[in-house]
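Chain residues, written in single-letter form:
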Amino acid sequence: MKILFDRIDEPGLNTLEVYERRGGYESLRKALTMAPDEVLQQISDSSIRGRGGAGFRMGQKASFLPHGNMDKYLVCNADESEPGTFKDRELMQKSPHMLIEGILIASWAAEISRAFIYIRGEYDHQADILEAAIAEARDAGYIGEKILGSDHTISLVLHRGAGAYICGEETGLLDSLEGKRGNPRLKPPFPAIEGLYHGPTLINNVETLATVPHIIRMGGKEYAQIGTETSTGTKLVSVSGDVQRPGNYEIELGMPSREIIYGLAGGPFEGREIKFWFPGGSSSPVLTAADLDLPYDFDSMAKAGSMLGSGAIIVVDDSHTILEVMHKLVKFYAHESCGKCVPCREGTRWTLRMVQRIQAGEATPMDLDIMASVQEQIIGNCLCVLGDAMAMPVGSMVAKFRPELEAEIEAARERAEGAEMADVIPVGVADEHAGPYPVH
Amino acid sequence: MSAIGRREVPRFGHGSRVPGWDDAVDLTKDPATIPDPAVTLVPSQLRERIAQAMAKYPDRRSAAIPALHAAQEEHGWCSPEAIDQVATVMQLTPAYLTAVATFYDMFKTVPMARHDVFVCTNISCSLRGADEFFEAMQKAAEDDPDLNVRSFECLGACDIAPMASVDGEYIGPLEPDDAERIVEDMRAGRTVLEHKQLRYRRCADPGVQEEAGDFGPPDRAQTDMADTAGLGPEGDNVDRPGPTAAIEMPAEEAAEENDSE
């Protein structure tokens, strides 16, 4: 079943003409004939859970916003920076009007009159397309004062970021949108109470908002029929890494993971086996080949000790060592930590040095225990979850691949020692002094 | 960091880029001064772009990032003069803007080559050989002062891994051999590796392809802006990369596709 990806490759879908020909903005018209509460009820009925990572119910989040006449804001989080995630990119590039329509409906439901799209600065092409689409929609009267003869007044501004992973975190994003360094804020107050410019703010992911027109079109209850009971609807899954056909796939939530990785993405290359996989971006604890038969939905992933996250599956096959992936992962979080909270700032750097220590052959198996305990000290001790996002996968790697890591520590140590011996002992002398210590 | 090394920034001692770093501080002076509009000259197009950006937000400070983007385009990097100019127009202190500029990866706080090649070396790309490509790319651009090759965190295009963003244009999947071609294309001012650009890539989902039957092959004449659906660049007969592995297409659709080329 294709909802978001329905004929997504149709040429010109990014233009208003084609989008309208396909019935675009009909949901907006329908929503505007309804009262905001009714629209919100439809969204709540659909039980749609946020597609950005946390999986919080959108209807519930929107209902936290206070009622009444005040400056309220809607921010669309298009700062898609989670490693392995690229679904919003394809959606914005190919069907920008779907997102705009979703924003217009969601802002009506929560009685918001100012909306922003925060797109990551690297998505230059996608931002250009969105900007053109917003201009088209404005000219056609979908954005502006009292749109389509209703009481809904809305402005929509596209804001380009400048490359910082932390700006995908909702409060970091708000600070960045206010023109500051993107440091996360203390919660509570949550953005729904006090967010952008201290006003109540609804923040949703691109995919979540793009689904809203379809919820209105189908009706919330009907949409809730798709997927599983607690994970309703379809989800865009970005499959990448060691698979034959990496790309975005729209699946019904609850599809077996094996079917996604093997059926849709073609599975690993000839003669290779899946070693482990990240089910929801690089921030999710890793799962192994034994978990492949789990249904892919929010609860099953949580039950398996991981999370669905942004729906980015990264597959790693047996040609790669666990240490190599861990190094890349930790380096990324050490680079992207904003530096506000000590456990994250020091913890990520410290873990990186620990990994480098293993690579240099200076580590002992006890270091793995220390590493695991450091991860535990990061989790839950910072303003945002960037530190947790490194600690959880690293912790799971140490727990699940300890024998391999120990073997690597040993191998690296032998390598380093071998290099040392070769440096010190002149050729021919080695045999005579075959003791455990290098000869000086 | 650039493969060719950064151009030297004037240093005033102790590695400081600020002249007067060792002067005694005047405690009676306001530490955060906004540059005087009467003294700081701002190019008119830059002033206009910043003013337009400021008008979009309820709070003018929100325009800091767009304004710095504009200034960087104008000056090539966020130089002290560029920061001063933005500060003048936005009526903010240069210190505030420097704090913002140093936070984000895309702002250059040291002078660098004009053209950027960002090679993604994050997990998904490195699993498929991004590190080898990055090395090849660095080597290929070694003696080109116009190219700034750096590794970048996940650029959000793992479907074309390993990939790179060349002046904002996403290309992939790349082989180490492509590095030379990229440098050649950039030197000649051509579109870089056009047949590997992300914008022409079709959706990988086989379900989408099946339902695609109700529209014909893309027509460039009609869809100038719509460059997203496997559409060939003008005069291009190269194979579209398409989804990485072949996806079975209905016979008539395949025929149509062949006709269009």
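Quick caveat, the model's predicted, so the values are computed rather than measured.

The rules we used
Throughout, a residue's number is its position along its own chain's written sequence, starting from 1. Note on labels: chains are lettered from A, ligands numbered from 1, in written order. Where totals are concerned, whole chains, interfaces and linings use all residues; where local detail is concerned, this predicted model gives features only for residues with pLDDT of at least 70, and gives and counts side-chain atom pairs only at 80 or more. Where helices and strands are cited, they refer to DSSP runs of H or I of at least four residues and of E of at least two residues respectively, numbered from the N terminus. A helix's residues, less one, multiplied by 1.5 Å, set its expected span. In this scheme every C-beta is placed from the backbone, and a residue whose C-beta has 20 or more other C-beta atoms within 10 Å is buried, one with 12 or fewer is exposed, and one in between is partly exposed. Contact between residues is assigned whenever the C-beta positions, reconstructed from backbone atoms, fall within 7 Å. Residue polarity follows a fixed list, in which Ala, Val, Leu, Ile, Met, Phe, Trp, Tyr, Cys and Pro are nonpolar, Asp, Glu, Lys and Arg are charged, and the others, Gly among them, are polar. In this analysis, strands are considered paired if DSSP registers two or more bridges between them. pLDDT measures how confident the predictor is about each residue, on a scale from 0 to 100. Put simply, a nonpolar core is a cluster of buried Ala, Val, Leu, Ile, Met, Phe, Trp, Tyr and Cys residues tied together by C-beta atoms within 7 Å. Orientation is described by axes fitted as lines to C-alpha atoms, over the contacting stretch for helices, and by angles from 0 to 180 degrees between their N-to-C directions. Angular relationships are summarised with four words: roughly parallel below 35 degrees, roughly antiparallel beyond 145, roughly perpendicular across 65 to 115, and oblique for the angles in between. Crossing handedness is defined as follows: a turn of the near helix away from the far one that is anticlockwise and smaller than a right angle gives a left-handed crossing, while the clockwise case is right-handed.

Q: Talk me through helix H6 (residues 96-109) of chain A; I want residue IDs and the actual numbers.
A: Turn by turn, an α-helix covers 3.6 residues, leaving residues three or four places apart pointing in a common direction. Residue and element names in this part refer to chain A. Relative to the 20 Å expected for 14 residues at 1.5 Å per residue, H6 spans 20 Å between its end C-alpha atoms, a close match to the ideal helical length. Buried residues dominate H6, accounting for 14 of its 14 residues. Of the residues flanking the end of H6, it is Glu111, one or two places downstream, whose phi is positive at about 50°.

Q: Please give an account of the interface of chain A and chain B that cites residues and values.
A: Between chain A and chain B, the residue contacts involve 64 residues of the former and 55 residues of the latter. Elements represented by at least two residues in the side of chain A that touches chain B include exactly helix H5 (87-94), helix H7 (124-139), strand E3 (155-160), strand E5 (234-241), strand E6 (247-252), strand E11 (312-317) and helix H13 (322-336) of chain A. Looking at which element gives the most residues to the side of chain A that touches chain B, the answer is H13(A), with six residues. Looking at the side of chain A that touches chain B, its residues break down into 21 nonpolar, 23 polar and 20 charged.

Q: Could you give an account of the pairing of strand E8 (residues 274-278) of chain A, naming the residues involved and the relevant values?
A: All names here are of chain A. Burial analysis of E8 places five of its five residues in the buried class, which makes it a mostly covered element. Judged from the four bridges that link them, E8 and E11 form a sheet pairing that is antiparallel. Each bridged residue has a counterpart across the sheet, and for Phe278 the counterpart in E11 is Ile314. As defined by bridge partners, E8 adjoins strand E9 (residues 287-288) across two bridges and the pair is classed as antiparallel. By the bridge assignment for E9, Trp277 is matched with Leu287.

Q: Can you lay out the environment of B:Asn148 for me, pointing to particular residues and giving the numbers?
A: Inspection of the secondary structure puts B:Asn148 in strand E2 (residues 147-152). As a C-alpha pair, B:Asn148 and B:Val166 span 18 residues in sequence and 9.8 Å in three-dimensional space.

Q: How would you explain H7(A) if you had to name every residue and give the values?
A: Residue and element names in this part refer to chain A. In a regular helix each residue adds 1.5 Å, so 16 residues correspond to 22 Å; H7 covers 23 Å between its end C-alpha atoms and thus fits that length. Listing the buried residues of H7 in full gives His125, Gln126, Ala127, Ile129, Leu130, Ala133, Ile134, Glu136 and Ala137. Residues of H7 that are buried make contact with helix H1 (16-21), H5, H6, strand E2 (114-119) and E3. Positive backbone phi, approximately 85°, marks Gly141, located one or two places after H7.

Q: Talk me through the confidence of the model for chain A; I want residue IDs and the actual numbers.
A: Within chain A, residue pLDDT values average 92, and 95% of them lie at 70 or more. Across residues 432-440 of chain A the pLDDT falls below 50, and counting only partners more than four positions away or on other chains, this stretch makes nine contacts in the model.

Q: Kindly report on the nonpolar core, identifying the contributing residues and their values.
A: Of all hydrophobic cores here, the largest spans 158 residues; its most connected members are A:Ile260, B:Leu68 and B:Val86. For this core, the element with the most residues is H6(A), which contributes nine residues. Every residue in contact with A:Ile260, bar those within four places of it in the chain, is listed here: A:Val237, A:Val239, A:Tyr249, A:Ile251, A:Met255, A:Ala265, A:Tyr296 and A:Ile313. With 36 residues, the next largest nonpolar core counts B:Cys125, B:Leu155, B:Val166 and B:Ile171 among its residues.

Q: Which residues make up the packing of helix H2 (residues 64-75) of chain B against helix H3 (residues 80-90) of chain B, and what are the values?
A: All names here are of chain B. Two elements in contact, H2 and H3, have axes separated by 10 Å at closest approach and are oriented at 140°. Taken as axis vectors, H2 and H3 run oblique relative to one another. For the element pair H2 and H3, the recorded crossing hand is right-handed. Of H3, the residues touching H2 (which contributes Ala64, Ala67, Leu68, Ala71, Gln72, Glu74 and His75) are Glu81, Ala82, Gln85, Val86 and Met90. Of the residues assigned to the contact of H2 with H3, the class counts are seven nonpolar, three polar and two charged.

Q: Tell me what's going on with unusual backbone geometry, and back it up with residues and numbers.
A: Looking along the chain, the bond that leaves A:Lys187 and enters A:Pro188 is cis, with omega of -10°. Its location among the elements puts A:Pro188 in the loop between helix H8 (170-177) and strand E4 (201-205). Between B:Ala161 and the following residue, B:Pro162, the backbone shows a cis peptide bond with an omega angle of -10°. As for its position among the elements, B:Pro162 is in the loop between E2 and strand E3 (164-166). One non-glycine residue, A:Ser47, lies in the positive phi region at around 55°.

Q: Which residues make up the pairing of E6(A), and what values do they have?
A: Residues and elements named next belong to chain A. Among the six residues of E6, five are classified as buried, and the element is accordingly described as predominantly covered. Bridge count for E5 against E6 is six bridges, and the pairing is antiparallel. Across the sheet, Ser238 pairs through a bridge with Asn248, a residue of E6. Counting the residues in the hairpin turn of E5 and E6 gives five residues.

Q: Outline the sheet that holds E4(A), listing residues and values.
A: Residue and element names in this part refer to chain A. Here we have four strands laid out as an open sheet, ordered E3-E2-E1-E4, and parallel in their pairing. Of all strands in the sheet, those bounded by a partner on one side alone are E3 and E4. Ignoring strand direction, the axes of neighbouring strands in this sheet form an average angle of 20°. The sheet contact formed by strand E1 (residues 73-78) and E2 spans six bridges and is parallel. Pairing of Val75 across the sheet is with Phe116, part of E2. Against the sheet, H7 makes contact with E2 and E3, and its axis sits at roughly 165° relative to E3, the strand it touches most.

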